[in-house]
Amino acid sequence: MLNQFLLLGAVLFCIGVYGVIARKNTVLVLMSIELILNAVNINLIAFGAMNGDIAGAVFALFVIAVAAAEVGVGLAMVLIIYRNRSSVDLDDVDSMRG
Amino acid sequence: MVAQNIFFYVIAAVMVAAAVVVVTNRNVVRAALALIVVFAGVAAQYILLAAEFVATTQVLVYIGAIMVLMLFGIMLTRARIGQDPEMTNERWWVGLITALLLAGVMGYALIDHFGSDPLPEDRRLVAVGGSNTATVSDAIFSQYLIPFEVISVLLLSALVGAIVIARKDR
């Protein structure tokens, strides 16, 4: 059944959204974003298998590449925030608060 | 098909449990290790869907590279290795409500629209020798060549940018 894979992806996506909203530590928020990207990849592969189209796998590979780039830049930004403020708490990063 | 379903549900249960640990555990390192379990489960689901090349890439890139980066990030930011009550917002229930609403909407939409769509028994695309890996390589280097090159340049520039951002002597 296609649905079981899609529902698994939806559940993982929602857990990731909860993590992004509820977590305070920047590294943990990045991990939750990885959860979301993986959920999307499961959906892409499942749809590709349903349609007998390889595009799903190809786009999943592209998503993995973009996720690797995102983690690299994200962790570099976390490092520089830690160096400037000695904290990776998201509540401390509020210089642009209105 | 029955065996595949049993494996699917076992792996899915492990994945969801590990994902909940990732977003709730107070120990950062433990959350990172649970994330490895989720990534391995995702790779197993790819194998069930006959996407063996993507599964291998998942293991190499996510478990091999991204998790090592994450652990380096944890250590370099000296997040306390151990229990820390300050890992979750006081208003975590806002996130819980959002996630539950989202799960309800997405679950309804998926069951309503794809409720009975079957997956093909044999999920291999038999364009080239019956293996999905050959089909993926053919697609990447013909139809999707330009996106592939663009993503190569994106990866290179992102990693150079990461080095420039994180460098000390500026």
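Cut-offs and rules
- Residues numbered from 1 in each chain as written.
- Chains lettered and ligands numbered in written order.
- Predicted model: local features only at pLDDT ≥ 70, side-chain atom pairs only at ≥ 80, totals over all residues.
- Heavy atoms only, no water.
- Helix = DSSP H or I, 4+ residues; strand = E, 2+ residues; numbered from the N terminus.
- Buried < 20%, exposed > 50% of the residue type's maximum accessible area, 1.4 Å probe, protein only.
- Contact = heavy atoms within 4.5 Å.
- Areas by Shrake-Rupley, 256 points an atom, 1.4 Å probe, with all protein chains shown as cover.
- Buried area = accessible area lost by both parts, 1.4 Å probe.
- Salt bridge = Lys/Arg side-chain N within 4 Å of Asp/Glu carboxyl O.
- Polar contact = N/O pair within 3.5 Å; in protein donor to acceptor, adjacent residues only side chain to side chain.
- Core = buried A, V, L, I, M, F, W, Y, C linked by side-chain atoms within 4.5 Å.

Trainee: Before we go on, may I ask you to explain the overall build of chain B in this structure?
Mentor: From N to C terminus, chain B includes 6 helices and 0 strands. What you see in chain B, going N to C, is helices and strands ordered as α-α-α-α-α-α. The 170 residues of chain B split such that 36% are buried. Of all intrachain contacts in chain B linking residues separated by at least 6 positions in sequence, the fraction that spans at least 24 positions is 56%. Accessible area for chain B stands at about 9800 Å²; split by element, carbon and sulfur atoms hold 71% of it.

Trainee: Looking at this structure, I do not really get the interface of chain B and chain A. What am I missing?
Mentor: As a measure of interface size, the accessible area lost when the parts come together is often cited. If you look at the interface, chain B gives 83 residues, while chain A gives 67 residues. Of the roughly 6700 Å² buried between chain B and chain A on both sides combined, carbon and sulfur atoms contribute 78%. It is Val23(B), Met70(B) and Thr77(B) in chain B that bury the most area against chain A; as a group they hold 9% of the surface buried on that side. The interface formed by chain B and chain A contains 1 salt bridge. Measuring nitrogen to oxygen at the nearest pair gives 3.4 Å for the salt bridge that ties Lys24(A) to Glu90(B). For the interface between chain B and chain A, the tally reads 9 residue pairs in polar contact (both at pLDDT 80 or more). Secondary structure elements with two or more residues in the side of chain B that touches chain A: α1 (2–24), α2 (28–48), α3 (52–76), α4 (92–114), α5 (132–140) and α6 (145–166) of chain B.

Trainee: Help me understand the nonpolar core, please; the structure alone is not making it clear to me.
Mentor: Taken as a class, soluble globular proteins show a tendency for nonpolar side chains to be buried jointly. Judged by nonpolar contacts, the single largest core of 74 residues is most densely connected at Met31(A) and Val54(B). Where this core is concerned, the elements lending two or more residues are α1 (2–22), α2 (26–51) and α3 (55–85) of chain A together with α1, α2, α3, α4 and α5 of chain B. Setting aside residues no more than four positions away along its own chain, Met31(A) makes contact with Val28(B), Ala31(B), Ala32(B), Leu35(B), Met70(B) and Ile74(B).

Trainee: Teacher, can you tell me more about the environment of Ala99(B) here?
Mentor: Take Ala99(B): it is sitting in helix α4. Judged by relative accessible area, Ala99(B) falls into the buried class, the value being 7%. In this structure, the C-alpha to C-alpha distance between Ala99(B) and Gly64(B), residues 35 residues apart in sequence, is 29 Å. Here Ala99(B) is in contact with Cys14(A) and Tyr18(A), once residues within four sequence places are set aside.

Trainee: Teacher, can you tell me more about the pattern of salt bridges here?
Mentor: Pairing of side chains with opposite charge becomes possible as their charged atoms draw close. Residues and elements named next belong to chain A. What the rule picks out here adds up to 3 salt bridges over all chains. As a salt-bridge pair, Asp-91 and Lys-24 come within 3.9 Å of each other at their nearest N and O atoms. Here Lys-24 lies in the loop between α1 and α2 and Asp-91 lies in the segment after α3, a separation of 67 residues in the sequence. Taking relative accessible area as the criterion, Lys-24 reaches 4% and is therefore assigned buried.

Read these as spatial facts, not as claims about activity.
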